[in-house]
Amino acid sequence: MGGAVVDTGDCGVKAPDGGWGWAVLFGCFVITGFSYAFPKAVSVFFKELIREFGVGYSDTAWISSILLAMLYGTGPICSILVNRFGCRPVMMVGGLFASLGMILASFATNIIHIYICTGVITGLGLALNFQPSLIMLNRYFSEKRPLANGLAAAGSPVALCCLSPLGQVLQYNYGWRGGFLILGGILLNCCACGALMRPLTAPKKTSEVEEKEKETKPKPKPKLLDFTVFKDCGFLIYTVAAAIMVLGLFVPPVFVVSYAKELGNEDTKSSLLLTILGFVDMFARPTCGVIAGLKWVRPRCVYLLSFAMIFNGTTDLIGSMSKDYPSLVVFCIFFGISYGMVGALQFEVLMAIVGTEKFSSAIGLVLLVEAFAVLLGPPGAGLLLDYTKNYMFVFLLAGCEVFLSALVLGICNLLFIKRKPEQPDPPAKMEMAIIDTEMEELNKAPKNEQDSRGGENGKKQAVEQEATAKSDDKIVQEPESIGVDSIELENSSKNVTEPNGVVVEPESSL
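Keep in mind that what you see is a predicted model, and the values were worked out from it rather than measured.

Quick notes on the rules
- Every chain begins its residue count from 1, and numbering advances along the sequence as written.
- With pLDDT at 70 or above as the cut-off, local features in this predicted model cover only qualifying residues; side-chain atom pairs require 80 or more to be listed or tallied, and sums for whole chains, interfaces and linings still use all residues.
- To get the side-chain values, all heavy atoms of the structure are used, and hydrogens and water are removed first.
- Helix numbering and strand numbering both begin at the N terminus, where a helix is a DSSP run of H or I of at least 4 residues and a strand a DSSP run of E of at least 2.
- Buried means the residue's accessible area, taken with a 1.4 Å probe over protein chains only, is under 20% of the maximum for its type, while exposed means over 50%, and partly exposed covers the values in between.
- Pairs of residues are marked as contacts when any of their non-hydrogen atoms sit within 4.5 Å.
- Calculation of accessible area relied on Shrake-Rupley with a 1.4 Å probe; when residues are assessed, cover is drawn exclusively from the protein chains displayed.
- In the sections that follow, a salt bridge refers to a side-chain nitrogen of Lys or Arg positioned within 4 Å of a carboxyl oxygen of Asp or Glu.
- Stacked, edge-to-face and tilted labels apply to pairs of Phe, Tyr and Trp rings (six-membered ring for Trp) whose centres lie within 6.5 Å, assigned for plane angles under 30 degrees, over 60, and everything in between, in that order.
- Criterion for a charge above a ring: Arg CZ or Lys NZ at most 6 Å from the ring centre, at most 35 degrees from the ring normal.
- Patch definition: residues above 30% relative accessible area lacking any salt bridge, with like charges linked at up to 9 Å and the nonpolar side chains Val, Leu, Ile, Met, Phe, Trp and Tyr linked at up to 5 Å.

(A) Focus on the overall build of the chain. A count of helices and strands for the chain gives 18 helices and two strands. In the chain, which comprises 510 residues, the share counted as buried stands at 44%. Put simply, 85% of the contacts in the chain that link residues at least 6 apart link residues at least 24 apart. Carbon and sulfur atoms make up 64% of the accessible area of the chain, which amounts to about 27100 Å² in all.

(B) View of the pattern of salt bridges. For the coordinates displayed, the defined rule picks out four salt bridges. One salt bridge in this structure joins Arg-145 and Glu-348, with 3.1 Å as the shortest N-O distance. Here Arg-145 is found in helix H7 (residues 145-153), whereas its partner Glu-348 is found in helix H15 (residues 325-388), with 203 residues between them in sequence. Classification of Arg-145 by relative accessible area gives buried; the value is 7%. Between Arg-285 and Asp-281 there is a salt bridge; the shortest N-O distance is 2.7 Å.

(C) Fine view of the packing of aromatic side chains. Scanning all chains against the criterion turns up 16 aromatic pairs. Ring geometry for Trp-22 versus Phe-141: centroids 5.2 Å apart, planes at 65°, classification edge-to-face. Taken as a pair, Trp-22 in helix H1 (residues 21-41) and Phe-141 in the loop between helix H6 (111-140) and H7 lie far apart in primary sequence, 119 residues in all. A network of ring pairs unites the aromatic residues Phe-250, Tyr-259, Phe-331, Phe-335, Tyr-339, Tyr-391 and Phe-395 as a single cluster. For the cation-ring pair, Arg-198 lies above Trp-20, with the distance from its terminal atom to the ring centre recorded as 4.4 Å. Cation over ring: Lys-269 sits above Tyr-325, and NZ or CZ is 4.7 Å from the ring centre.

(D) Main features of a nonpolar patch on the surface. Among the surface-exposed residues, Tyr-303, Leu-407, Ile-411, Leu-414, Leu-415, Phe-416 and Ile-417 lie close enough to one another that they form a single nonpolar patch of about 680 Å² accessible area. Counting residues per element, the nonpolar patch draws most heavily on helix H16 (residues 391-416), at five residues. Relative to the assigned elements, Ile-417 resides in the loop between H16 and helix H17 (426-493). Overall, Ile-417 belongs to the partly exposed group, its relative accessible area being 30%.

Printed below as a string of structure tokens:
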């Protein structure tokens, strides 16, 4: 990677809000779809794996759990790698890992091999793609960032609607081994998406400007993992609320199909509920992104997220009383809307709280905290179901957890976070500083001219004052000189008698 440009994030370039950013958005759309939909799409092969290796359903369920744990739990590692090497190389290596894991899993001889290859290796590869794609999206979009986040988040339901039927077709035609091999080839597209993540570079500067910058401000070393985000009260509130939310957010999609079967519905009819949920979710995310980007809404985006969480929790609480299939369809529609709103807003709010510089570290630490909640949420709900034998309590628990997280986020922000005026991003700050210095230099020139003109005017005024003073003195002395001259003229005008008796007049003598 000798000649590669490392995108440290503080390159002094304003987010373009378009241009190549739309290619970055497309790459993020695909990566988000793979990251969230792939753990669910793999579940299509679970029956074949149970028959092949003679294990139970709980053993195969660990494959999806390990995938999600790697996606969330390796957040700090991804942050360190991104801050050290940049987003593009990390994503391309991650794409190779994701593909390699599925290809190796196609040669597995026991379930442990599946855990290691599909769970750990593929999970790590998806994690190395998911987090850097969000970081690059944050760098390329500022004004249109809520819309960009909503469109990128829509990749999850779109991919789920595509990968699940594709997995069934592959299993029917090629078996689980052939299906894993083909999915491994499809995951190589992560490398292509990584290649789209072109780092932003600052315009070339003259040698004089570079020397001045070196003299004035030495460039600090970028931190591999910035723990100072924990000093931000807003970040702490967000992290606690997100951890509580994740405990119950993913529970209804896991249990709604089983709940429908429990009510006596067919397998195909029950599975259709997830399709309805995903279809509604597909349109809810970009729509919420548009709403979050409105001028009046964007400064209050954290409260919009709180509303989405309250909406989701209330939907769970009301859905727990469903007793037939039509009521479950209505539940899936409203759950899809609220679930899409949360998915579109969760990372937008985090970006708004910590800013562009610290987002790469903040998202890694948040995902690490959420990893524990992801591992505890669905299994805890399963234990509650085993104990009560009633799905109503599962949905009630999930709704209470999400509702509580909304209260924590909304009330704590209202009480402990003082509203500050929006500050521009570091690139915008740099541009404003340059403009200020240029204006100062332009203002200095007129001042110097005024000072020089003022000095010249002062000198002229002093000379004029001296001249007027001298003229005043002359005016005061003029009567005396005139008096003296008149006497002399009178004396001289008298006739002068010479010794020889000749009278001489002054005029004639002259």
